[in-house]
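Observations on chain architecture
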Amino acid sequence: MCYGQTGAGKTYTMTGATENYKHRGILPRALQQVFRMIEERPTHAITVRVSYLEIYNESLFDLLSTLPYVGPSVTPMTIVENPQGVFIKGLSVHLTSQEEDAFSLLFEGETNRIIASHTMNKNSSRSHCIFTIYVEAHSRTLSDEKYITSKINLVDLAGSERLGKSGSEGRVLKEATYINKSLSFLEQAIIALGDQKRDHIPFRQCKLTHALKDSLGGNCNMVLVTNIYGDAAQLEETLSSLRFASRMKLVTTEPAINEKYDAERMVKNLEKELVLLKQELAIHDSLANRSLVNYDPMDEIQIAEINSQVRRYLEGTLDEIDIINLRQIQEVFNQFRVVLSQQEQEVECALRRKYTFIDKNDFAAISAVQKAGLMDVDGHLVGEPDGQGFGLGVAPFSAKPGKKAKSKKTFKDQLSSSARKEGASSPVGGKDLDVSISKTQLTPSSKDGDVKDMLLRDRETSNIEPPSSDSPKEELRPPRPSTPPSKPVAFEDFKNERGSEINRIFKENKSILNERRKRASETTQRINAIKREIDMTKEALNFQKSLREKQGEYENQGLMIIDEEEFLLILKLKDLKKQYRTEYQDLRDLRAEIQYCQHLVDQCRHRLLTEFDIWYNESFFIPEDMQVALKPGSSIRPGMIPVSRIMSLGEDDQDKFSQLQQTMLPEGPDSISFYNAKVKTEQKHKYLKTMMGLQQTQRK
């Protein structure tokens, strides 16, 4: 971490001069050292990932979001804590397999940093930046499932400012206020970490300390670089920086190796251990003169054999079942359960064929049975004295012998035929059955079920669209007009074709923004109305107080006595203040949402215009013979090459790079990756600068 006054050289110490390899800073040197140590450890498979975070005015930004395969995040980034540590949700992390890729990411992030100028520094950093290197090491020689993780945070803090010396105004003044505030909170956290008696450490006061929570003490190694001025005029700020460094020395750290477990490798190790244990069991069985025992899961033939043994054991033809291993014991009990369930179903089916079952909750069926003379008013069947089963009894006088048997038989046949159909589709356990009246629920008939199935099938068939018979054909490129259309006309075409998705997102974000602004306006009107009512209530309350003072105040045991009207005014004022606080909190939330939505709308507008400029130039200014090279899948991606240099294809940059290699490589053989990444970044910036110049020329 680099700490110090503005203009003292923090960014130069951390990043260095990207134009000269010898003057590179801590960040490039750290990347080189990481990849050099990876080459020196062939026994480990080491992966490296990097991320670049910027904290500007207490807001989190991803400095690598400008890469084409990343893009801006829809949701704002947040700091999340878990047992493994602190990480930034929404921050892009990039895998780098070689040193040159890491340098390219570093230079890309450096170009996106926010800088400004004041009297003490022409290129002053206006934000805190954290470049993080994630290292993960797996052993190639050992089959251990453990692996080691590390995280290197390289922090370039924005400098503290004395506003009287820097002369900051406007936006720079606002940035300086946020910078000084976050650095003050950082110092408070360092003081709390150095005090052994403190239980609470204020990490959540600002985004900077929260993001660096697991790097400011505890399980970490920390190096602080304090940058100071050599001038006597800056003596007070120099002493302040050195006091911060002395407080940092009081912070105790207890670094430990971060070991984690690879789930995939752990499964493989457990499988190997399982094979070894089976081999040991086989040796033990052979030494104990036991027959060959199989410890693998049982197949269908073995399960059928155990089922046959269980049935013979229950029938009495088999005296005992031979026990071989634990898996066989579990399967024996399982087959006992299967046999019991099958017997219950057989008993139920036999009872359904012989008797009629009626649901006790089905009052229509019960009344029909009573009308048929099969059941008396008390709910007992005819000839059933105690309700437990069939037996001899006295028939009711209303039952006629001649017609009873016929009606009973007819109703019994009807119910038994329907019960057979229902019983086949919904069997239940025999223990829930009653010979006279069943507790089972009546299921719908099979015809109703068929109708429901047909309706469901028709609904599913209607939802499935028939596949199109025509195969997708390649769109033909329209002929280019002799004169390019005007930009407003071309912009409308672009929004309907290539930029339709971006335009749709832009319109959705704008509608959300307008809706939030409308709600904020309505909330503001309600707040103003409540404020006016509060003022009127206060005036009425003051009038009541003055009236009470003129008439004379009454006290009872030291308490002031007020009339009912004044008491109601006090209660009303209390309720109005509560409503005012609630509405004001809603307004603050809406303003935060409006600010975020406005940021999204600005991003979409900028991207829409940028994509349109690229599409317009490539569609109407690039020669026809160069269109083949810009097709998808070719080596040249559309938008990467300026229109003014479409024919040269960057030959001047290549010649310049070759000359740079001849002069610089003899002095620094390790600088090839550094300069490779530097040239690629410069080519990208030249392209952007050319596009901006072309836009200005077209406007003129």
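Residues numbered from 1 in each chain as written. Predicted model: local features only at pLDDT ≥ 70, side-chain atom pairs only at ≥ 80, totals over all residues. Heavy atoms only, no water.

An unreviewed UniProt entry lists the protein chain under the name Kinesin-like protein, with Equus przewalskii as the source organism. UniProt's Sequence similarities (unreviewed entry) comment on the protein chain is quoted here verbatim: "Belongs to the TRAFAC class myosin-kinesin ATPase superfamily. Kinesin family." (UniProt positions renumbered as here; feature names shortened; annotations may be inferred.)

On to the overall build of the protein chain. Scanning the protein chain for helices and strands turns up 18 helices and 14 strands. Taking all 700 residues of the protein chain together, 33% fall into the buried category. Considering only residue pairs separated by 6 or more positions, the protein chain has 69% of its internal contacts joining residues 24 or more positions apart. For the protein chain, the computed accessible surface area is about 45,800 Å², with 54% contributed by carbon and sulfur atoms. (Helix = DSSP H or I, 4+ residues; strand = E, 2+ residues; numbered from the N terminus. Buried < 20%, exposed > 50% of the residue type's maximum accessible area, 1.4 Å probe, protein only. Contact = heavy atoms within 4.5 Å. Areas by Shrake-Rupley, 256 points an atom, 1.4 Å probe, with all protein chains shown as cover.)

Now for the confidence of the model for the protein chain. When pLDDT is averaged along the protein chain, the result is 76; 72% of the residues meet or exceed 70. Confidence drops under a pLDDT of 50 for residues 383-400, and excluding neighbours within four residues, the segment shows 16 contacts in the predicted structure. Across residues 402-476, where pLDDT falls below 50, the model places 60 contacts with residues more than four positions away in sequence or in other chains. (pLDDT = per-residue confidence, 0-100.)

Let's shift gears to the packing of helix α14 (residues 487-496) against helix α16 (residues 564-620). Contact pair α14 / α16: the axes reach a minimum separation of 11 Å and the direction vectors enclose 105 degrees. If you check the angle between α14 and α16, you find them roughly perpendicular. On α16, the residues that touch K487, A490, F491 and F494 of α14 are L608, L609, E611, F612, D613, W615 and Y616. (Axes fitted to C-alpha atoms, helices over the stretch in contact; angles between N-to-C directions. Parallel < 35°, antiparallel > 145°, perpendicular 65-115°, else oblique.)

Judged by side-chain polarity, I562, F567, L568, I570 and L571 come together as a nonpolar surface patch covering roughly 410 Å² of accessible area. Mapped onto the elements of the fold, L571 is located in helix α16. (Patch = residues over 30% accessible without salt bridge, like charges linked within 9 Å, V, L, I, M, F, W, Y side chains within 5 Å. Salt bridge = Lys/Arg side-chain N within 4 Å of Asp/Glu carboxyl O.)

We now examine unusual backbone geometry. Look at N57: it is not a glycine, yet its phi comes out positive at around 50 degrees. Along the chain, N57 falls in the loop between β2 (44-56) and β3 (59-62). Backbone geometry at E58 places phi at a positive 60 degrees, although glycine is not the residue there. Summarising the element assignment, E58 is placed in the loop between β2 and β3.

It is worth spelling out the nonpolar core at this point. Judged by nonpolar contacts, the single largest core of 31 residues is most densely connected at L53, I88, L157, L186, I190 and L216. Those elements that place two or more of their residues in this core are β2, β5 (85-89), α5 (171-194), α6 (207-211) and α7 (235-248). Of all the elements, α5 adds the most residues to this core, at seven residues. Residue contacts for L186: discarding those within four places in its chain leaves M1, L157, L208, T209, L216 and F244. Counting residues in hydrophobic clusters, the runner-up holds 29 residues, among them I46, V50, F103 and A677. (Core = buried A, V, L, I, M, F, W, Y, C linked by side-chain atoms within 4.5 Å.)

Each full turn of the α-helix corresponds to 3.6 residues, which orients residues three or four apart in the same direction. Helix length check: helix α3 (residues 99-111) (13 residues) gives 19 Å between terminal C-alpha atoms against 18 Å at 1.5 Å per residue, within 8%. By the criterion of burial, α3 is predominantly enclosed, with ten of the 13 residues buried. Where α3 is concerned, the buried positions are E99, E100, A102, F103, L105, L106, F107, E108, G109 and E110. (Expected span 1.5 Å × (residues − 1).)

Turning our eyes to something else, we now look at the packing of helix α9 (residues 300-315) against helix α10 (residues 326-354). Each pair of packed helices gets described by two things: the angle between the helix axes and the distance between those axes. Viewed as axis vectors pointing N to C, α9 and α10 meet at an angle of 60 degrees, and their least axial separation amounts to 9 Å. α10 is crossed by α9, and the crossing has right-handed handedness. Contacts between α9 and α10 involve I303, I306, N307, V310, R311, Y313 and L314 from the former and Q328, E331, V332, Q335, F336, V338, V339 and Q342 from the latter. Here the residues of the contact of α9 with α10 are counted per class, giving nine nonpolar, four polar and two charged. (Left-handed = near helix turned anticlockwise from the far one by under 90°. Nonpolar A, V, L, I, M, F, W, Y, C, P; charged D, E, K, R; others polar.)

Our focus in this paragraph is empty space enclosed by the protein. Counted according to the given criterion, the structure contains one cavity of 30 Å³ or more. The space that makes up the largest cavity amounts to roughly 60 Å³. Together, I55, Y56, N57, E58, R126, S127, H128, E175, Y178, I179 and S182 line the largest cavity. Broken down by secondary-structure element, the contributors of at least two residues to the lining of the largest cavity are β2 and α5. Per-element accounting of the lining of the largest cavity gives the leading share, four residues, to α5. Of the residues in the lining of the largest cavity, the class split is four nonpolar, four polar and three charged. (1 Å grid on protein atoms, 1.4 Å probe; cavity = no way out; pocket = protein on both sides within 12 Å on 5 of 7 lines; lining within 4 Å. Points joined across faces, edges and corners; volume = space filled by probe spheres on them.)

Our next topic: the environment of P202. Mapping P202 onto the fold places it in the loop between α5 and α6. Judged by its relative accessible area of 10%, P202 is buried. Sequence-wise, P202 and F185 are 17 residues apart; in three dimensions their C-alpha atoms are separated by 8.1 Å. Not counting residues within four places of it along the chain, the set of residues in contact with P202 comprises Q188, A189, A192 and T209.

A separate point is the pattern of salt bridges. Summed over the entire model, instances satisfying the criterion amount to 21 salt bridges. For the salt bridge of E259 with K146, the shortest nitrogen-to-oxygen distance reads 3.8 Å. Of this pair, E259 sits in strand β12 (residues 258-261) while K146 is found in strand β10 (residues 146-156), placing the two residues 113 residues apart along the sequence. Residue classification places E259 among the partly exposed positions, given a relative accessible area of 46%. One salt-bridge network, held together by shared partners, links E515, R516, R519 and E593.

Here we come to α7. A rise of 1.5 Å per residue sets the reference length of α7, with its 14 residues, at 20 Å; its end C-alpha atoms lie 20 Å apart and thus fit the reference within 8%. Residues of α7 that are buried: E237, T238, S241, F244, A245 and M248. One face of α7 carries all of its buried residues, which in axial projection span an arc of 120 degrees. (Arc of directions from axis to C-beta.)

Our focus in this paragraph is the pairing of strand β9 (residues 128-139). Judged by how many residues are buried, β9 sits mostly within the fold: ten of twelve residues are covered. Sheet topology note: the β2/β9 ladder contains twelve bridges and is antiparallel. Across the sheet, residue I46 finds its bridge partner in β9, namely A137. Bridge analysis of β9 against β10 gives nine bridges, and the strand direction is antiparallel. Bridged to I130 within β10 is V155. (Pairing = 2+ DSSP bridges.)

Below, the discussion takes up the packing of aromatic side chains. Applying the stated criterion to the full structure yields ten aromatic pairs. Between F491 and F612 the ring centres are 5.0 Å apart and the planes differ by 80 degrees, which places this aromatic pair in the edge-to-face class. Separated by 121 residues along the polypeptide, F491 in helix α14 and F612 in helix α16 bring together distant segments of the chain. A connected cluster of aromatic rings, assembled from ring pairs, spans F491, F494, F612, W615 and Y616. (Phe/Tyr/Trp six-rings, centres within 6.5 Å; stacked < 30°, edge-to-face > 60°.)

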